[in-house]
Structure formats: structure tokens, C-alpha cells
Amino acid sequence: MEGTILTMTDARDPDRDTYYVTAAIDYPNGAPHIGHSLEKVGVDAMRRYQRLRGRDARLTMGLDENSQHVVTAAGRNGVDVQTWVDRMESAFRAAWSSLGIEPDAFVRTNADPRHAEASRELYRRARAAGDIYRSTYAGWYCPNCNAYYTDDELVEGRCPLHPSIVPEWLEEENDFFALSKYGDRLLAHIEANPDFILPRPRAAEVVATIRQGLRDFSVSRALKPDREPWGIPVPSDDGQVLYVWFDALTTYLTGIGFPDDDGYRAYWPADAHVIGKDITRFHCLYWPAMLLSAGLPLPRHVVVHGFLTAEGQRISTTTGNVIDPVAVTAEFGTDPVRYYLLRDVSFASDGDFSRANLIRRHNDDLANDLGNLLNRIVSMTGRYRGGTVPEPVEETEAEVDLRTVAGVARQAAEDGFTAWTMDRAIDGIWTLVRRTNQYLEGREPWKLAKDPANAAALDTTLGSAAEAMRLVGIYLAPAMPGTADRIMAQLGLPPVADGDWTSKGTWGAARVSHVVPAGPLFPRIEVEPTA
Ligand SMILES: [Zn+2]
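Since we're looking at a predicted model, the values are computed, not measured.

1. Let's talk about the overall build of the chain
Argument step 1. The number of helices and strands found in the chain is 18 helices and 16 strands.
Argument step 2. The C-alpha atoms of the chain give a radius of gyration of 26 Å, which matches the 24 Å a tight globule of 531 residues would have.
Argument step 3. Across the 531 residues that make up the chain, the buried fraction comes to 55%.
Argument step 4. Put simply, of all contacts in the chain between residues at least 6 apart along the chain, 77% involve residues at least 24 apart.
Argument step 5. Total accessible area on the chain stands at roughly 21900 Å², and carbon and sulfur atoms take up 50% of it.
Argument step 6. Separation of charge centres in the chain, based on 55 positive and 74 negative side chains, amounts to 3 Å.

2. Topic: the sheet that holds strand β6 (residues 168–177)
The pairing of strands in a sheet comes from backbone hydrogen bonds and takes either a parallel or an antiparallel form.
Argument step 1. Pairing is antiparallel in the open sheet, where four strands are placed in the order β5-β4-β6-β8. On the outer flanks of this sheet lie β5 (147–149) and β8 (217–218), each paired with one strand and no other.
Argument step 2. Pairing analysis gives three bridges linking strand β4 (residues 132–142) to β5, with the strands arranged antiparallel. Its bridge partner being in β5, Trp140 is matched across the sheet by Tyr149.

3. Examining unusual backbone geometry
Argument step 1. For the bond from Phe258 to Pro259, the omega torsion is 0°, close enough to zero to count as cis.
Argument step 2. Here the bond from Trp268 into Pro269 is cis, since omega is 5°, no more than 30 degrees from zero.
Argument step 3. Tracing the chain through its elements places Pro269 in the loop between α8 (264–267) and β12 (272–276).
Argument step 4. Although it is not a glycine, Glu156 adopts a positive phi angle of roughly 50°.
Argument step 5. Turning to its location among the elements, Glu156 is positioned in the loop between β5 and β6.

4. Examining the sheet that holds strand β14 (residues 308–310)
Argument step 1. Strands sit in the order β15-β14-β16 across an open sheet of three strands; the sheet is mixed. In this open sheet, the two strands that pair with only one neighbour each are β15 (313–314) and β16 (351–353).
Argument step 2. Note that β14 and β16 share three bridges and pair parallel. For Thr309, the partnering residue across the bridge sits in β16 and is Asp352.

5. Notes on the pattern of salt bridges
Argument step 1. What the rule picks out here adds up to 44 salt bridges.
Argument step 2. The salt bridge involving Glu331 is made with Arg355; its shortest N-O contact spans 2.6 Å. Of this pair, Glu331 sits in helix α10 (residues 325–332) while Arg355 sits in helix α12 (residues 355–385), and the two are 24 residues apart along the sequence.
Argument step 3. Since its relative accessible area comes to 47%, Glu331 is described here as partly exposed.

6. Structural notes on the packing of aromatic side chains
Argument step 1. The final tally for this structure, using the stated rule, is 23 aromatic pairs.
Argument step 2. Ring centres of Phe177 and Tyr182 lie 6.0 Å apart, and the angle between their planes is 10°; on these two criteria the pair is classed as stacked.
Argument step 3. Judged by its relative accessible area of 0%, Phe177 falls in the buried class.
Argument step 4. For Tyr182, a relative accessible area of 4% corresponds to the buried category.
Argument step 5. Through successive ring pairs, a cluster of aromatic residues spans Phe177, Tyr182, Phe217, Tyr243, Trp245, Phe282 and Tyr286.
Argument step 6. Directly above the ring of Tyr267 sits Arg58, whose terminal nitrogen or CZ lies 5.5 Å from the centroid.

7. Some remarks on the environment of Arg125
Argument step 1. Along the chain, Arg125 turns up in helix α4 (residues 113–128).
Argument step 2. Among the residues examined, Arg125 registers a relative accessible area of 25% and is labelled partly exposed.
Argument step 3. The spacing of Arg125 and Gly295 is 170 residues in sequence and 8.1 Å in space, taken between C-alpha atoms.
Argument step 4. When residues no more than four places from it in sequence are discounted, the contact partners of Arg125 are Phe258, Tyr264, Ser293, Ala294 and Leu296.

8. Side note on helix α16 (residues 455–476)
Argument step 1. Its 22 residues give α16 an end-to-end C-alpha distance of 32 Å, which sits within 8% of 32 Å, the value for a rise of 1.5 Å per residue.
Argument step 2. Within α16, 20 of the 22 residues are buried, leaving the element largely enclosed by the surrounding structure.

9. Some words on the environment of Cys142
Argument step 1. As for its placement among the helices and strands, Cys142 is situated in strand β4.
Argument step 2. In this structure Cys142 comes out as buried when scored by relative accessible area, which is 0%.

10. What about the pairing of strand β2 (residues 56–63)?
Argument step 1. In terms of residue burial, β2 counts as a mostly covered element, since six of its eight residues are buried.
Argument step 2. Tracing the backbone out of strand β1 (residues 18–23), into helix α1 (residues 37–52) and back to the parallel element β2 gives a crossover that is right-handed.
Argument step 3. One ladder, built from four bridges, connects β2 with strand β3 (residues 105–108); its direction is parallel. Residue pairing across strands places Gly62 opposite Val107, the latter belonging to β3.

11. Looking at the nonpolar core
Argument step 1. In terms of nonpolar packing, the biggest core is built from 102 residues, with Phe353, Leu370, Trp420, Leu432 and Met469 touching the most fellow members.
Argument step 2. In terms of residue count, α16 provides more of this core than any other element does, twelve residues in total.
Argument step 3. Leave out the neighbours within four places in its chain, and Trp420 touches Tyr19, Val21, Gly42, Val43, Met46, Leu198, Ala272, Val274, Val303 and Phe347.
Argument step 4. If you look at the next biggest cluster of nonpolar residues, it comprises 64 residues, including Ala118, Leu154, Phe246 and Phe258.

12. Some remarks on the packing of helix α11 (residues 334–344) against helix α14 (residues 422–443)
Argument step 1. For the pair α11 and α14, the least separation of the axes is 7 Å and the interaxial angle reads 105°. When the axes of α11 and α14 are compared, the pair comes out roughly perpendicular. Within the contact between the two elements, α11 uses Tyr339, Leu342 and Arg343 and α14 uses Met422, Asp423, Ile426, Asp427 and Trp430.
Argument step 2. Across the contact of α11 with α14, the residue classes tally to five nonpolar, no polar and three charged.

13. Here's the deal with the environment of Trp169
Argument step 1. Residue placement: Trp169 occurs in strand β6.
Argument step 2. Sequence-wise, Trp169 and His115 are 54 residues apart; in three dimensions their C-alpha atoms are separated by 30 Å.
Argument step 3. Filtering out sequence-adjacent residues up to four positions away, Trp169 remains in contact with Ala138, Gly139 and Trp140.
Argument step 4. In this structure the side chain of Trp169 is engaged in a polar contact, spanning 3.2 Å, whose partner is the side chain of Glu171.

Calculation rules
Residues numbered from 1 in each chain as written. Predicted model: local features only at pLDDT ≥ 70, side-chain atom pairs only at ≥ 80, totals over all residues. Heavy atoms only, no water. Helix = DSSP H or I, 4+ residues; strand = E, 2+ residues; numbered from the N terminus. Rg over C-alpha atoms; globule rule 2.2 N^0.38 Å. Buried < 20%, exposed > 50% of the residue type's maximum accessible area, 1.4 Å probe, protein only. Contact = heavy atoms within 4.5 Å. Areas by Shrake-Rupley, 256 points an atom, 1.4 Å probe, with all protein chains shown as cover. Lys, Arg positive; Asp, Glu negative; His and termini not counted. Charge placed at Lys NZ, Arg CZ, Asp CG, Glu CD. Pairing = 2+ DSSP bridges. Salt bridge = Lys/Arg side-chain N within 4 Å of Asp/Glu carboxyl O. Phe/Tyr/Trp six-rings, centres within 6.5 Å; stacked < 30°, edge-to-face > 60°. Lys NZ or Arg CZ within 6 Å of the ring centre and 35° of its normal. Expected span 1.5 Å × (residues − 1). Right-handed = clockwise from strand over helix to strand, strands pointing away. Core = buried A, V, L, I, M, F, W, Y, C linked by side-chain atoms within 4.5 Å. Axes fitted to C-alpha atoms, helices over the stretch in contact; angles between N-to-C directions. Parallel < 35°, antiparallel > 145°, perpendicular 65-115°, else oblique. Nonpolar A, V, L, I, M, F, W, Y, C, P; charged D, E, K, R; others polar. Polar contact = N/O pair within 3.5 Å; in protein donor to acceptor, adjacent residues only side chain to side chain.

Written out as C-alpha cells, the structure is:
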């Protein structure tokens, strides 16, 4: 094994503090639904967190347009493929925008000529490395998976992932990528980098697959005379297009300008590719092998998340339980839906989207815990101190304790983001919310206000609670950016800005001088008696 491989992951310019995260690109064969949303909210929260830490963070998302089943979906809807994918682009962008997500690059694999060039360049590099050869392919092809299966992989003659699809037997001359050459190097990389695949238990499945021996995979498809040509032509063979996964994975490089723009070197290798558990094989085997072949460093992490069900049922267009992100954010607001997805649904394992749980989280956590806390601080500061937030003057054990809790909350949030356990990050922040409420209960400022002899204690109480609230606003900004800014506005502070986690995110690093009352953050949702 070549000794250069293990050092290749850190080729990025050490003088530029950058961070690069990607979401999986979606098949535009139907409108986006809530099942696509957890991953997208997760990557957006991570990019926001990294920017708060002062890093130059980028996010690439996109659409996987070059698949035959996108062609099929267009036919089913009675429009040509171009019209269909253009329509889908608007639908997906509207969904992400409703969740507060605006990626730095949104790569459309068919519509973007730079993407075709990036994919062909990767192909040329693999060929130059001696990793591409022509052979005959034969197998059961599932158009929904864009993958071939062997006899034993089919389940009663049907696709193992799509029980309604009877795969078609296909035999054709294709180009193959020599994945089998890379087994040892991939294994060595995974062993040397135990956090390459997160969460860690997912790596065991990948290691087992490598140990069984990797098969070369076909990376081109012959155009069929009876079908509309669709896809990216293979360099030097117009009769074949790139296998859709070969170009789909390349999106991550297209999004930062590869191969022309030297700028891509500032962001590559990616810090994290975030994906669903069904596409682990492509991201942990195919993609790293393609990168090694092209002489490019490997991503630092592949983060694998589980699937979302809706009210306990598998989300499916055929069963009609698809939840539209635009509709659900119109009903509940962007931040409550983001909060619910990040806090109530574990990022690593499978989860369920439930209206009842969303409403419970909204009322218990957002309206009661968070909204009431801000409201108490703002209204008492108005009532007892004319809106001017006093300086804490005499710290007691209670203030020392609150300050400690703030430090612990910050660390828990950082640990949660580092491990891609967003629910734990928010749990940590919520400790500070709850303890600040308890602090006010214990200090009883409404009693202190009755006797001028307690003026110093009242000043300390109001000032300390406002300071805790200011920190809550900064810590919540990755998950709930709009809410963070509304908290800041009521504390008379500017919106949360890049770098604030680092420069203003510790106790006393900035001060709240006056409050600006603006009504409740989250009015309670009255639940109908029957669901
Ligand atoms: Zn399938």
C-alpha cells in the first residue's frame, strides 16, 4: 500500500479556516417532502454553527437529474424532461427556502454545464490512472435504484429496495471502474480514521462489505435508440453516458468549482458529506475510490442519518402521507419545524414526524420554557427598572451557579455539533433555559422589588438573567436563526452575526443594556380535542 494515502486528507490551506458540508442530492421524480428535510435542516444548522465559530463555511446541495426514473416521472406527468426538472427545481428550492435554507451552491446535474465538465474530468483522471476498462455488463437493472442486482440479491424476482419493481435483465458493453483495486486502501483509511464514518457503528457494515471483496462497477450506460438521450456523455464515446452515480457524487466537487477554479482547494476535502443510510455504499466505497483514483484527498467525515416516518408510517407518494415542508412551515413557522426536527428526531437513528409531538414541543419547550423566560426578563426589567438592564453588583452562589451552567451548556452544544448529535446540542442549551427559569423562581425579583433595601439584589438578578438569555440567543442561532434574532431584538442587541459564538458567546463577553418588549415569541397552539 502506498504510504501517501493517509496524509492526503489534510491538503487544505492551513491559513484559511474553512468548513465544507454537503447534503445528498435528491431525485426530482416528485415534489420534496418532510422526509427529505431532516438532513437539509441538519446541514444548514451545521453551516450556521461553523459560521458562528468564525469559519468560512460552505454548503452544497442539488438535484440528481440524470436518472432514467426522472425521465419516467416526466413521461408520467405528460411533459418533456427539461420542463419537468425545471418545475422540480422550483419545488425543491421553495421547500428549502421555507425551512430557512439557502445553499451556497445548488447543483443541477443536467442543467449545469460546469457539472458535466467536472464529471468528465474525474472520469478522464480515473482512465489516466488505469482504473477504467471496457467489458460486458449483465444483470438485473432497477431503474429506481439505478443499480444492477445479481440473482441472489433480488427478492422473489423483485428489487430488494423497491418491492413493486421487477428489474429488467440488461446486457451491454460498458466502461468499468476498478473498485476491487481499492479494497485494502479503503480498509486502511477507515481503520486509521475511526471517525471517517459517523456514527461509528455504521463503519462496521462498510468494513464487512470490503472484507467480502469489492466488485468493479460499471460507470457508463449505452444510449438506447428508442429512448431520449439523457445524461452526461462519456469523454471519447458519444454512444455512452456516465453512470448516474458517477456524476451524482461529483456534485460535491462541482459545488466548489472543480476542476477550473483553484478555489475548490480552499474547501476540499469536504468536512462532511451528510447522507441517508441507503446510500452508504456509494459514499463510503465508490466515492473514496474515485477520489483516490483522481489523486484527490478524501472527505473527513461521511455522516449517515436514519429515515423519517410520518405518524408511524413509511412516507410514500403511493400511500399519500407525504407532508409538504412549505405547508407545514406555513402552519407552524420555520423555526418551530426546524427545532422539532433537530431536537425530537435523533439524527443518527430512524425517527418519526408527528404533528402531536410537534405541537407538544412548540407549547412545552418554545412557548413555556423559552418564550416565558424572555417575556419575564423583558417585562420585569420594564416594570422595575424602566427598561434599563442593570449591572449585576453582588454575586451570590446562585449567580455563580448560573454562570457555570452557561459554560456547561456551551460545551454540550459544541460537543453535540462536533458529533453530529444535534438533539444533544439542543438538550445542553435547554439546560440553561430551564436553569435560568429556576434561578428567577429562586431569587423572586417580584418580592425583591417591594423593598428598596433589596435594590442591589434586584439589579443582580435582572442583569444575570438577561445575560443568560443573551447567551441562549447565540447558542440557539444554528437551529433557530429567526428566533435568535428576535431574542436579540428584545434584548436591544443587533442580530446574531458570524463569529459571535467565539467573540460574544461567553458570560460577560457582551452586555445587555436595555430591553425592547415585542410580545410573546411563540403564542401557544390550542390543540383540537381529537387528532
Ligand atoms: Zn430498486
